[in-house]
Amino acid sequence: WVTRRRFARLQARAEKLDEEALQSPELADYLKDERREVLTKLAQRFPDEDWILPTSLGNIIRAFEVYPRIMYGLEDIQGWDRLLAVLPKSYATLIDDAKSRTDFWLNLTVLSFLALLEYAGLGIYARHFRALWSAPLMAAAALVAYRLTGGAALEWGELCKSAYDVFLPKQLEGAHFQPAKTKDEDYEQWRKFSQAIIYRRRDLMPERQYISH
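Residues numbered from 1 in each chain as written. Predicted model: local features only at pLDDT ≥ 70, side-chain atom pairs only at ≥ 80, totals over all residues. Heavy atoms only, no water.

**Student:** Can you help me understand the pattern of salt bridges in this one?
**Tutor:** Opposite charge on two side chains permits pairing when their charged atoms draw close. Within the structure shown, the criterion is met by 10 salt bridges. As a salt-bridge pair, Arg36 and Asp33 come within 2.9 Å of each other at their nearest N and O atoms. Of the two residues, Arg36 and Asp33 are both situated in helix H2 (residues 29–45); the distance of three residues between them amounts to about one turn of the helix. Two residues, Arg69 and Asp48, come together in a salt bridge whose shortest N-O distance is 3.0 Å. In this pair, Arg69 is assigned in helix H4 (residues 67–72) and Asp48 in the loop between H2 and helix H3 (56–65), connecting sequence segments 21 residues apart. Look at Arg69 and you get buried, because its relative accessible area is 17%. Exposure remark for Asp48: the relative accessible area of 24% places this residue in the partly exposed category. (Salt bridge = Lys/Arg side-chain N within 4 Å of Asp/Glu carboxyl O. Helix = DSSP H or I, 4+ residues; strand = E, 2+ residues; numbered from the N terminus. Buried < 20%, exposed > 50% of the residue type's maximum accessible area, 1.4 Å probe, protein only.)

Given below as structure tokens:
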């Protein structure tokens, strides 16, 4: 509920700033900066309202997971493996490196937190706490590592979103689907493709280009 309240406040602020921008196109610079910051935070750190998770890291990851569905109609979980088939090896390596950095900082967060729990448990068991400075140090390490995890996840997410933006037409070509004439037709085609592969619905699979004899 805390995360949902944060999202609701940001959403309300974004709507208010949008309304002010429509009424007065010449917004003050500080309002323009605030609007840009609020909209960026909503796009990078939150998915749609129904997909919100309790943690900031979970929402950052989910924000780029819902990106292809919102922008193109393609579900990420099922569509990503298909997209990997057409990604250049060099670009896939960039994504793997970004994910590895996220994993590193997340592992450091978990280890620091576990070390803090172990220190507390041993202190309670022995009824004596030694090296009291180590507790705040481990807590600070966990907090810093968690913040760095979020930053690394944002970088990872940008690479994943860029993969859809740049290489989705290549996947369309590789699947031999009929090219769409409009943006709406393109969205509908990927939406049906998502439903076809998720639910094994042959009737929803978009038409392919077949060789005529």
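Once the structure has been displayed, the description carries forward.
**Student:** I keep staring at the nonpolar core and nothing clicks. Help me out?
**Tutor:** Most often, soluble globular proteins keep nonpolar side chains buried together rather than apart. Formed by 24 residues in total, the largest nonpolar core has its most connected members in Trp80, Leu83, Leu87, Ile95 and Ala163. Counting only elements with at least two residues in this core, the list comes to H4, helix H5 (76–84), helix H6 (89–126), helix H7 (134–174) and helix H8 (183–199). The greatest single-element share of this core, amounting to eight residues, is contributed by H7. Look past the residues within four positions of Trp80 in its chain and what remains in contact with it is Glu75, Leu87, Ile95, Cys160, Ala163 and Tyr164. Core analysis: the second largest hydrophobic core is formed by nine residues, Leu10, Ala14, Val38 and Phe46 among them. (Core = buried A, V, L, I, M, F, W, Y, C linked by side-chain atoms within 4.5 Å. Contact = heavy atoms within 4.5 Å.)

**Student:** Sorry, what's going on with the environment of Leu168 here?
**Tutor:** With respect to the helices and strands, Leu168 occurs in helix H7. The exposure class assigned to Leu168 is buried, which follows from its relative accessible area of 3%. Along the primary structure Leu168 and Tyr72 are separated by 96 residues, whereas in three dimensions their C-alpha atoms are 9.2 Å apart. Those residues in contact with Leu168 that lie beyond four places of it in its chain are Tyr72, Leu74, Leu83, Ala163 and Trp190.

**Student:** Sorry, what's going on with the packing of aromatic side chains here?
**Tutor:** Within a pair of aromatic rings, the relevant descriptors are the distance that separates the centres and the angle that separates the planes. For the structure shown, the criterion picks out nine aromatic pairs. Ring centres 5.5 Å apart and planes at 55° place the aromatic pair Phe7 and Phe46 in the tilted group. On the criterion of sequence distance, the pair formed by Phe7 in helix H1 (residues 2–23) and Phe46 in the loop between H2 and H3 is long-range, its members being 39 residues apart. In this structure Phe7 comes out as buried when scored by relative accessible area, which is 8%. Assessed through its relative accessible area of 5%, Phe46 is described here as buried. (Phe/Tyr/Trp six-rings, centres within 6.5 Å; stacked < 30°, edge-to-face > 60°.)

**Student:** Explain H6 here, please?
**Tutor:** Along an α-helix, residues three or four apart share an orientation, since each turn contains 3.6 residues. Helix length check: H6, at 38 residues, gives a terminal C-alpha distance of 54 Å against a target of 56 Å (1.5 Å per residue), a fit within 8%. Those residues of H6 not exposed but buried are Tyr91, Ala92, Ile95, Ala98, Thr102, Thr109, Ser112, Tyr119 and Gly123. Against H5 and H7 lie the buried residues of H6. Within two residues after H6, Arg127 carries a phi angle of roughly 60°, on the positive side. (Expected span 1.5 Å × (residues − 1).)

**Student:** Which parts of the structure should I look at to understand the packing of H3 against H7?
**Tutor:** Each pair of packed helices gets described by two things: the angle between the helix axes and the distance between those axes. Interhelical geometry of H3 versus H7 gives an angle of 5° and a closest axis separation of 9 Å. Viewed along their axes, H3 and H7 adopt a mutual orientation that is roughly parallel. Across the interface between the two elements, Ser56, Leu57, Ile60, Ile61 and Phe64 from H3 touch Tyr146, Thr149, Gly150, Ala153, Leu154, Trp156, Gly157, Cys160 and Lys161 from H7. Broken down by class, the residue content of the contact of H3 with H7 amounts to nine nonpolar, four polar and one charged. (Axes fitted to C-alpha atoms, helices over the stretch in contact; angles between N-to-C directions. Parallel < 35°, antiparallel > 145°, perpendicular 65-115°, else oblique. Nonpolar A, V, L, I, M, F, W, Y, C, P; charged D, E, K, R; others polar.)

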